[in-house]
Amino acid sequence: MSHQISRILVANRGEIAVRIIQAARELGIETIAVYSEADEDSLHVQLADYAVCIGGPSPQESYLNVPNIIAAAEAWGADAIHPGYGFLAENPTFARIVESHGLVFIGPRPEHIELMGDKVEAKRIAKRAGVPLVPGTDTPVESVEEAKRIAAEIGYPVLLKAAAGGGGRGMRVVESEREMESRFLAASSEAEAAFGDGRLYLEKFIMRPKHIEVQVFGDEYGNATHLYERECSLQRRHQKVLEEAPSPSIGEEERERVIDYALRLVREIGYRNAGTVEFLYDGEGNFYFIEMNTRVQVEHPVTEMITGIDVIKTQILLAMGEKLPFNGDEIPINGHSIEARINAEDPDRGFAPSPGRVELLHKPGGFGVRVDSHVYQGYVIPPYYDSMVAKLITWGRDRDEAISRMRRALGEFVLEGIKTNIPLHLRILERREFLEGKFYTDSLERWV
Ligand code: MV4
């Protein structure tokens, strides 16, 4: 079925709103920006064809304000909504409301957002599809006693995770049986407070894993494909800091296998649009499915750089009812790409947000350098949203070239008036472990 899209409402802000507006314009599609009272001067407002203020500075009043977003879409004649990432992107109720107003939701079916939002349900589906899981439960653990019994079977250390979780909230490592009760209660109440759902499940704790994720796509006719993997092991407090594609940690055999696992899950449910299937990798050939993200990810540019495929355009074309426009197997990996997330934060104050006015700005450029950003000179970074101000992406024929280019580009970046994590990135790029690919999800916190 084909769905006409000639005007997209972009239900987001910052760099991703800019990115979506750019992709739409290249397709000849008009855009409507929505913005909060704190974002009047934001770049996405200036770049879109139309712009509507939808409420106050807090996300609740604006970017999460479903009635105002739907009203803006109807009043300004949108026929589709792109949710970006964060905010309403993985809210199945929002996706349903969008569709019930006769608008195209540029993303997965609401039931698939809901299914994958329940991490325990996602594990059951992955298991059914023959995707390897971390040893542990694929149903919620009902009591401290049951948790102790299962942990004794699989062996300590174990990890308690929130069924409604993701992003590390409601997660606790348990080293031994005597820690179980207090950790169980802490994880459960944290999950209840954060998600209104205190259900927990339990997994063997994989020591020093790598985080490898596969970019997948499905069309509405049940076809599925991939655009290879990204490695995102360098994180701080569950926030990714530096990502790359392809993973420097796996060979061809592992690559084919992890892609096969990801596509099994996608085909099992007939997933639609873009998604990411996340795995832990133990460095010895074993992948374990952990969760699926049903949105476009911050780090999608590194995939674009090595494949030449525009991920956002692909999302729009799939939402219009087109068949998959490419077969990932036929798209060779071209070189290597790295993304550094540039955040307005103060390394001397424990990386606390450092909002304020950008007094002086020079973005790096030249061959193999890309900057995705909503920031311009004179722009005042508001304190209400996340602290990412730019994504600096480099491409090279190989990983070494992408790394030297990243060092060069970070050196060119001038961002005065605010503190940034650029010095942190430069230090990462000097680490022998980074250069040798010997880094894990806990490495960055050990280094800083
Ligand atoms: C794990 C794990 C070790 N073993 N599961 C953290 C967030 C959530 N998406 C999954 N996470 C982890 N799950 C088992 N069984 C270690 C982590 C983890 C992690 C994963 C990916 C990237 C960064 C991380 C940082 C700390 C812990």
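Within any chain, residue numbers begin from 1 and follow the written order of that chain's sequence. Where totals are concerned, whole chains, interfaces and linings use all residues; where local detail is concerned, this predicted model gives features only for residues with pLDDT of at least 70, and gives and counts side-chain atom pairs only at 80 or more. Note that water and hydrogens are dropped before the side-chain values are worked out from all heavy atoms of the structure.

## Re the site of the ligand
Part 1 of the reasoning: Distances are taken per atom, and a residue is near a molecule or strand as soon as one of its heavy atoms is within 4 Å of it. The environment of the ligand is formed by 16 residues, the closest being Lys161, Glu203, Lys204, Ile206 and Gln235.
Part 2 of the reasoning: Counting of polar contacts relies on pairs of N or O atoms within 3.5 Å, with two restrictions inside protein: one atom must be capable of donating a hydrogen and the other of accepting it, and residues adjacent in sequence are counted only when both atoms are side-chain atoms. One nitrogen or oxygen atom from the main chain of Ile206 is found 2.9 Å from a nitrogen atom belonging to the ligand.
Part 3 of the reasoning: Between the ligand and Glu291 there is a distance of 3.2 Å, counted from a nitrogen atom to a side-chain nitrogen or oxygen.
Part 4 of the reasoning: Here the accessible surface of atoms and residues is derived via Shrake-Rupley with a 1.4 Å probe, and residues count as covered only by protein chains that are part of the display. Against a free-state accessible area of 520 Å², the protein chains account for coverage of 90% of the ligand.
Part 5 of the reasoning: Polarity classes work like this: nonpolar for Ala, Val, Leu, Ile, Met, Phe, Trp, Tyr, Cys and Pro, charged for Asp, Glu, Lys and Arg, and polar for all others, with Gly in that last group. Residues that form the shell around the ligand fall into these classes: 7 nonpolar, 5 polar and 4 charged.
Part 6 of the reasoning: Residue-level mapping places the shell around the ligand at the junction of two domains, with at least three residues from each of domain 2 (135-204) and domain 3 (210-447). Residue ranges assigned to the domains are those given by an automatic or database domain assignment.

## Remarks on the pairing of strand β6 (residues 158-162)
Part 1 of the reasoning: Burial analysis of β6 places 5 of its 5 residues in the buried class, the great majority of the element.
Part 2 of the reasoning: Here 3 bridges tie β6 to strand β7 (residues 172-174), and the two strands are oriented antiparallel to one another. Counted as the bridge partner of Leu160 is Arg172 from β7.
Part 3 of the reasoning: Here, strands pair whenever DSSP counts at least two bridges between them. Helix and strand definitions follow DSSP, with helices as H or I runs of at least four residues and strands as E runs of at least two, each counted in order from the N terminus. Examined bridge by bridge, β6 and strand β8 (residues 200-204) share 5 bridges and lie antiparallel to one another. Following the sheet pairing, Leu159 is matched in β8 by Glu203. Exposure classes here rest on a 1.4 Å probe applied to the protein chains alone. A residue is buried below 20% of its type maximum, exposed above 50%, and partly exposed in between.

## Brief notes about helix α3 (residues 66-75)
Part 1 of the reasoning: Within the span of α3, buried status applies to Val66, Ile69, Ile70, Ala72 and Ala73. Projected down its long axis, α3 shows its buried positions confined to an angular sector of 155 degrees, all on one face. Facing away from the buried surface of α3 by more than 90 degrees, the exposed residues are Pro67 and Ala75.
Part 2 of the reasoning: On the buried face of α3, the contacting elements are β1 (7-10), β2 (30-36), β3 (50-55), β4 (80-82) and α4 (92-100). Comment: arc refers to directions from the helix axis out to C-beta atoms. By definition in these notes, contact holds between two residues if any of their heavy atoms fall within 4.5 Å.

## Thoughts on a negative patch on the surface
Part 1 of the reasoning: Any residue with relative accessible area above 30% and no salt bridge may belong to a patch, with like charges joined within 9 Å and the nonpolar Val, Leu, Ile, Met, Phe, Trp and Tyr side chains within 5 Å. Each salt bridge in this description consists of a side-chain nitrogen of Lys or Arg and a carboxyl oxygen of Asp or Glu lying within 4 Å of one another. Only four residue types enter the charge count, namely Lys and Arg as positive and Asp and Glu as negative; His and the chain termini do not. Charge positions are represented by NZ for Lys, CZ for Arg, CG for Asp and CD for Glu. A contiguous patch of negative charge on the surface is contributed by Glu37, Glu40, Asp41 and Glu61.
Part 2 of the reasoning: You can see Glu61 is positioned in the loop between β3 and α3.
Part 3 of the reasoning: Owing to a relative accessible area of 39%, Glu61 belongs among the partly exposed residues under this scheme.

## Some words on the environment of Ala24
Part 1 of the reasoning: With respect to the helices, strands and loops of the structure, Ala24 is situated in helix α1 (residues 14-26).
Part 2 of the reasoning: On the basis of relative accessibility, which here comes to 0%, the residue Ala24 falls in the buried class.
Part 3 of the reasoning: Considered as a pair, Ala24 and Ile312 are 288 residues apart in the sequence and their alpha carbons are 8.4 Å apart.

## Side note on the sheet that holds β3
Part 1 of the reasoning: Strand order in the open sheet formed by 5 strands is β3-β2-β1-β4-β5, with parallel pairing between adjacent strands. Since the sheet does not close on itself, it has two edges, and those belong to β3 and β5 (104-105), each with one partner.
Part 2 of the reasoning: Examined bridge by bridge, β1 and β4 share 3 bridges and lie parallel to one another. Opposite Ile8, over in β4, you have Ala80 as the bridge partner.
Part 3 of the reasoning: With axes taken as lines fitted to C-alpha atoms, and helix axes fitted only over the stretch in contact, angles between N-to-C directions fall between 0 and 180 degrees. Each of β1, β2, β3 and β4 touches α3; the most contacted strand, β3, lies at about 155 degrees to it.

## Focus: helix α12 (residues 399-412)
Part 1 of the reasoning: A helix's residues, less one, multiplied by 1.5 Å, set its expected span. Over its 14 residues, α12 runs 20 Å from end to end, which matches the ideal 20 Å to within 8%, given 1.5 Å per residue.
Part 2 of the reasoning: For α12, every residue scored as buried is listed here: Arg399, Glu401, Ala402, Ile403, Arg405, Met406, Ala409 and Leu410.

## Comments concerning unusual backbone geometry
Part 1 of the reasoning: Residue Pro157 follows Tyr156 across a cis peptide bond; omega there is -5 degrees.
Part 2 of the reasoning: Tracing the backbone shows Pro157 in the loop between α7 (144-154) and β6.
Part 3 of the reasoning: A cis amide bond, omega -5 degrees, links Ala245 with the succeeding residue Pro246.
Part 4 of the reasoning: Within the fold, Pro246 resides in the loop between β11 (239-245) and α9 (252-269).
Part 5 of the reasoning: The backbone of Phe351 shows a phi angle near 60 degrees, a positive value even though the residue is not glycine.
Part 6 of the reasoning: With respect to the helices and strands, the residue Phe351 is situated in the loop between β15 (345-346) and β16 (352-353).
Part 7 of the reasoning: With relative accessibility at 13%, the residue Phe351 sits in the buried group.

## Observations regarding the pattern of salt bridges
Part 1 of the reasoning: Taken as a whole and judged by the stated rule, the model has 45 salt bridges.
Part 2 of the reasoning: Residues Glu244 and Arg399 are paired through a salt bridge, measuring 2.7 Å at the closest nitrogen-oxygen approach. Placement of Glu244 in strand β11 and of Arg399 in helix α12 is noted, with a sequence separation of 155 residues between them. The two residues Glu244 and Arg399 agree in class, both being buried.

## Section: the packing of aromatic side chains
Part 1 of the reasoning: Two aromatic rings from Phe, Tyr or Trp, using only the six-membered ring of Trp, form a pair when their centres are within 6.5 Å; if the ring planes differ by under 30 degrees the pair is stacked, by over 60 it is edge-to-face, and anything between is tilted. Counting across every chain of the model gives 14 aromatic pairs.
Part 2 of the reasoning: A ring pair is formed by Tyr63 and Phe87, whose centres lie 5.2 Å apart and whose planes are at 35 degrees; its orientation type is tilted. Remark: Phe87 occurs in the loop between β4 and α4 and Tyr63 occurs in the loop between β3 and α3; sequence separation between them is 24 residues.
Part 3 of the reasoning: For Tyr63, a relative accessible area of 0% translates into the label buried.
Part 4 of the reasoning: Phe87 sits in the partly exposed class, given a relative accessible area of 29%.
Part 5 of the reasoning: A ring pair is formed by Tyr261 and Phe287, whose centres lie 6.5 Å apart and whose planes are at 70 degrees; its orientation type is edge-to-face. Placement of Tyr261 in helix α9 and of Phe287 in strand β13 (residues 287-293) is noted, with a sequence separation of 26 residues between them. In this pair, the class of Tyr261 matches that of Phe287, namely buried.
Part 6 of the reasoning: Through successive ring pairs, a cluster of aromatic residues spans Tyr261, Phe279, Tyr281, Phe287 and Phe289.
Part 7 of the reasoning: Over the aromatic face of Phe434 sits the side chain of Arg399, whose NZ or CZ is 4.5 Å from the ring centroid. Here, a charge over a ring means that NZ of Lys or CZ of Arg falls within 6 Å of the ring centre while also lying within 35 degrees of the ring normal.

Interpretation note: all reported values are geometric properties and have no functional meaning in isolation.
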